[in-house]
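Listed below are the residues making up each chain.
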Amino acid sequence: MALLECRNLTKRFGALVAVDDVTLDIQEGEIHAVIGPNGAGKSTFFNLVTGMLSPTAGTVRFAGEDITGLPAQVIAQRGIARTFQLTHLMPGLTARENVRLAAQARDPARWHILGGSQVLARASEAADRALERLHISQHAESLASALSHGDQRLLEIAMALAQDARLLMLDEPTQGWSIEETDRAVEILRGVLAGGGVTVMLVEHDMEVVFKLADKIAVLHQGRIIADDKPEVVRADKVVQDAYLGGFD
Amino acid sequence: MQPRELIGLLIALGVGAALPLVLPVYMIGIVTEALIFGLFAMSLDLMVGYTRLESFGHAAAYGLGAYAAALILLNLDVPMLAAIPAAMLITGLIAIPIAWVCTRSSGVSFAMLTLAFAQLLYASVYQFKDFSGGSDGIAGIQRRAGPFGIDFFQTRNGYLYLVLIVLALAYVFCRHLVTSPFGQVLAGIRENEVKTRALGYNTRSYRMAIVVIAYALGGLAGALYAPLAGFASPELFFWRLSGMVLIMVIVGGRGTLAGPILGGAFFLFLEHELSALPYVRELWPIIFGSIFIAVILFAPQGLAGIISGWRHRNSQPAAADDTSSAETPHGAA
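Quick caveat: nothing in here was measured; it's all calculated off a predicted structure.

In terms of regular secondary structure, chain B is built from 14 helices and two strands. The C-alpha radius of gyration computed for chain B amounts to 20 Å, which stays within 12% of the reference 20 Å derived for 333 residues, consistent with globular compactness. Along the first, second and third principal axes, the C-alpha atoms of chain B reach 60 × 45 × 45 Å. Of the contacts formed within chain B by residues at least 6 apart in sequence, a portion of 78% connects residues at least 24 apart.

Next up on the list: the sheet that holds strand E3 (residues 31-35) of chain A. Residue and element names in this part refer to chain A. Taken in spatial order, the six strands of this open sheet run E6-E7-E8-E3-E9-E10, and their pairing is mixed. Whereas interior strands pair on both sides, the edge strands pair on one side only; in this sheet they are strand E6 (80-82) and strand E10 (224-229). Each strand axis lies, on average, 15° off the axis of its neighbour in the sheet, ignoring direction. Note: strand E7 (residues 167-171) against strand E8 (residues 199-204), five bridges, orientation parallel.

The next point concerns the packing of helix H4 (residues 80-102) of chain B against helix H5 (residues 107-127) of chain B. All names here are of chain B. Following both chains from N to C, one finds H4 and H5 inclined at 150°, their axes separated by 9 Å at the closest point. When the axis of H4 is compared with that of H5, the two are roughly antiparallel. Every pair of crossing elements has a handedness; the one defined by H4 and H5 is right-handed. Along its contact with H4, which presents Ile-98, Val-101 and Cys-102, the element H5 presents Phe-110, Leu-113, Thr-114 and Phe-117. Residues of the contact of H4 with H5, tallied by class, amount to six nonpolar, one polar and no charged.

All right, on to the confidence of the model for chain B then. A residue-level look at chain B finds 94% of positions with pLDDT of 70 or above and a mean pLDDT of 86. Taken as a whole, residues 318-333 of chain B scores under 50 in pLDDT and shows 22 contacts with residues more than four places along the chain or in a different chain.

So, about the packing of helix H2 (residues 25-51) of chain B against helix H10 (residues 203-229) of chain B. Axis angle and axis distance: for two packed helices, these are the angle between their axes and the distance between the axes, and together they describe the pair. Residue and element names in this part refer to chain B. Two numbers describe how H2 lies on H10: the axes approach to 9 Å, and their chain directions differ by 170°. Judged by the inter-axis angle, H2 sits roughly antiparallel to H10. In this structure, H2 uses Thr-32, Glu-33, Ile-36, Leu-39, Phe-40, Ser-43, Leu-44, Leu-46, Met-47 and Thr-51 to contact H10, whose residues at the interface are Arg-207, Ile-210, Val-211, Ile-213, Ala-214, Leu-217, Gly-218, Leu-220, Ala-221, Leu-224, Tyr-225 and Leu-228.

Residue and element names in this part refer to chain A. Across the five residues that make up E7, a large majority, five, are buried. Pairing geometry for E6 and E7, over three bridges, is parallel. Residue pairing in the sheet places Arg-82 in a bridge with Met-169 of E7.

A word on the interface of chain A and chain B. In this assembly, 34 residues from chain A lie in contact with 28 residues from chain B. Residue assignment for the side of chain A that touches chain B shows that the elements contributing at least two residues are helix H2 (72-78), helix H3 (95-103) and helix H4 (117-133) of chain A. Of all the elements, H2 of chain A adds the most residues to the side of chain A that touches chain B, at four residues. Per-class residue counts for the side of chain A that touches chain B are 17 nonpolar, 13 polar and four charged.

Ordered in space as E2-E1-E4-E5 (chain A), the four strands form an open sheet in which the pairing is antiparallel. Unpaired on one side and paired on the other, strand E2 (16-26) and strand E5 (65-66) of chain A mark the two borders of the sheet.

Residues and elements named next belong to chain A. With respect to the helices and strands, the residue Met-201 is situated in strand E8. Under the C-beta neighbour-count criterion, Met-201 is labelled buried, with 26 such atoms within 10 Å. Sequence spacing of Met-201 and Leu-170 is 31 residues, and the spatial spacing of their C-alpha atoms is 6.3 Å. Setting aside residues no more than four positions away along its own chain, Met-201 makes contact with Ile-26, His-32, Val-34, Leu-167 and Met-169.

Ala-158 of chain A together with Ala-69 and Val-211 of chain B are the most contacted members of the largest nonpolar core, which totals 187 residues. A total of 16 residues in this core trace back to one element, the largest contributor, which is H10 of chain B. Not counting the four nearest positions on each side in its chain, Ala-158 of chain A is found in contact with Val-99, Ala-130, Leu-131, Leu-134 and Ile-136 of chain A.

Before going further, it helps to examine the pairing of strand E9 (residues 216-221) of chain A. All names here are of chain A. For E9, the tally of buried residues reaches five of six residues, placing the bulk of the element in the interior. In this structure, E9 lies alongside E10, joined through five bridges in antiparallel fashion. Its bridge partner being in E10, Val-219 is matched across the sheet by Ala-227. Here E9 folds back onto E10, and the loop between the two strands holds two residues, one of which, Gln-222, carries a positive phi near 50°.

Here is what the cut-offs are and how they apply
- Residues numbered from 1 in each chain as written.
- Chains lettered and ligands numbered in written order.
- Predicted model: local features only at pLDDT ≥ 70, side-chain atom pairs only at ≥ 80, totals over all residues.
- Helix = DSSP H or I, 4+ residues; strand = E, 2+ residues; numbered from the N terminus.
- Rg over C-alpha atoms; globule rule 2.2 N^0.38 Å.
- Contact = placed C-beta atoms within 7 Å.
- Pairing = 2+ DSSP bridges.
- Axes fitted to C-alpha atoms, helices over the stretch in contact; angles between N-to-C directions.
- Parallel < 35°, antiparallel > 145°, perpendicular 65-115°, else oblique.
- Left-handed = near helix turned anticlockwise from the far one by under 90°.
- Nonpolar A, V, L, I, M, F, W, Y, C, P; charged D, E, K, R; others polar.
- pLDDT = per-residue confidence, 0-100.
- Buried ≥ 20, exposed ≤ 12 C-beta atoms within 10 Å, placed from the backbone.
- Core = buried A, V, L, I, M, F, W, Y, C linked by C-beta atoms within 7 Å.

And the structure:
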């Protein structure tokens, strides 16, 4: 059984069919990229899985349970962590506080109105570990708003890691990065993901990144999946080349 | 609580305890009222400063607390020390449906909904005259002694001490609340609610919870006011009071708890003293408005920000500019 099973997912906005009958499986432990040109429906698809949008038709099952149309916070509680295409942080909190908030999200004692210092201590430790893994420990005390754009992206990934989720969904993690930053980030990401045990769905624009990181690649084109296979197979696919890769590679 | 905060609290309590010894008798009442207003402002700070839930209708909490305490003391044979917490609980209970409705929205619509509820209560006071006394309000509220024959808090000085103790306890409660895991979630909602929800927090429940808590504490302030004044009037629900307390939170320094206490207490005291002078009485709204504008322009962090700025400069004379605090939020819409 796949960890995430999307069946015939469809999202219509009026006359526009943003996501059209998408069926996709993500197996436990794999890094599965979803690529496609602008407007292919990547972000909409992403939002359908994470509960930011409700599908017009189709189902999403996670770890064997139907999560179609559940609110975002419930899906997060089930064990899906996400990052946003445009960085979403708590700008007025420090980097550590940002990650700590992510780490305490699934602590059973998180509702403690008074005290709860052991919840914060646990979360703080988890936060420091996540910052370490993303190589941004040196910024732990800085406000998130004071970090460079690249470090902010890494911070958001650290938050997703700290949620201790079974499925990590990264929405264009290298978006807005310079070439040098991207190289560094891909190395860091590869280090984090190589640790194993983590399943990743990666929406990405940058082909270099995708071919370096992904075990499998699904190609979205005009809301439809036109290929879903190993990177070398997708790269050789005639249809994909016509639709997409030709213009970029 | 940090040792430094504890020391500050003890000093504040010591100063408060000494007040009856140094103040002329006629000022005890107004100082007591000022402290009650400080408690009221602090309760609003939980919403405005810590969760960025701007309420234009916090007078609803004050009025509910005052009327609940007044009606209990007038109609039931219970001691004042029981009526006050009971009024707080009643305010909190009534706040649940109000919070449920208001937290369906956020931003300006949230502010308007809180205002609407306060005005609805204001109108209800006129509507249900038999119950609420209408425009006359409720007069003749007793500070009934007990339990166990305790009558210390019924005296002028005793009531000041009662307010001081309640204010100190409420401050400790709020300080713990904002530093708890729950308080961290409030900070997350303040900074970026969409992200906080994506992390797995049911942000609406948290917003509802803090509205109810803030109303209950505001109700506690109102419940302390009614026996002090001896009456409750519909003005306690009026939008003017809501606006005043919001301004005091901002002038005192939102998100600091102590700032709004100082701001609320200071302004109420100042208003009372200046209003007693001929000619100045008419000028008071202009003075008040000018101070508000000056704070917004020159000290957006409020009085608390000015004070911590001084402390910062004095403790680190050669400190480099703190660039981190002046940055704008990046990409977080």
